[in-house]
Amino acid sequence: QVTLVESGGGLVQAGGSLTLSCAASGSFFSRNRMGWYRQAPGKQRELVADINSRDSTNYADSVKGRFTISRDNGKNTIYLQMNSLKPEDTAVYYCTLRSFGVDYWGQGTQVTVSS
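Residues numbered from 1 in each chain as written. Predicted model: local features only at pLDDT ≥ 70, side-chain atom pairs only at ≥ 80, totals over all residues. Heavy atoms only, no water.

Caption draft 1: Expanded view of the side chain of T77. Mapped onto the elements, T77 comes out in strand β8 (residues 77–82). Discounting residues that sit within four places of it in the chain, T77 has contacts with C22, A23, S70, R71 and D72. (Helix = DSSP H or I, 4+ residues; strand = E, 2+ residues; numbered from the N terminus. Contact = heavy atoms within 4.5 Å.)

Caption draft 2: Local environment of unusual backbone geometry. Located in the positive-phi region is S84, a residue other than glycine, with phi close to 50°. With respect to the helices and strands, S84 occurs in the loop between β8 and β9 (91–99). You will see that F100, though not glycine, has its phi angle at about 50°, which is positive. Here F100 lies in the loop between β9 and β10 (102–105). F100 gets classed as exposed once you look at its relative accessible area, which sits at 73%. (Buried < 20%, exposed > 50% of the residue type's maximum accessible area, 1.4 Å probe, protein only.)

Here it is as C-alpha cells:
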C-alpha cells in the first residue's frame, strides 16, 4: 500500500510564491519517479513537473523557469516550489508516484492565484 499526502496549497496573489509538499509512505522502491499534475476547472489534467529515479527533471513549458521540483529521499518527499504565480496556475495539484509500473495519486491540494 502506498499513500501520498500533499500539503501547502492555498490562496496567493499573482506574483507570489507557494511551496507544495508530498510525503509518500508505504512499501515501495525508495527512489521512485514522482511528479506533480494539476487540473484546472474545465480542463484536462496535465503534467506540471516530474523527477525520475536519477533526479532528472521535466517541466511543462508553462511553468519552466518559475517552478522547481525537488526530492528529499530521506523523507520520501517531493516538493514543488512555485514562484511568480499567475492566475492561470489556479488548479488542484496532485502528487504522483510510480512504483513497479503502478501509478499512485494523492488526494490533491487546491492552489488559487488571485489577480
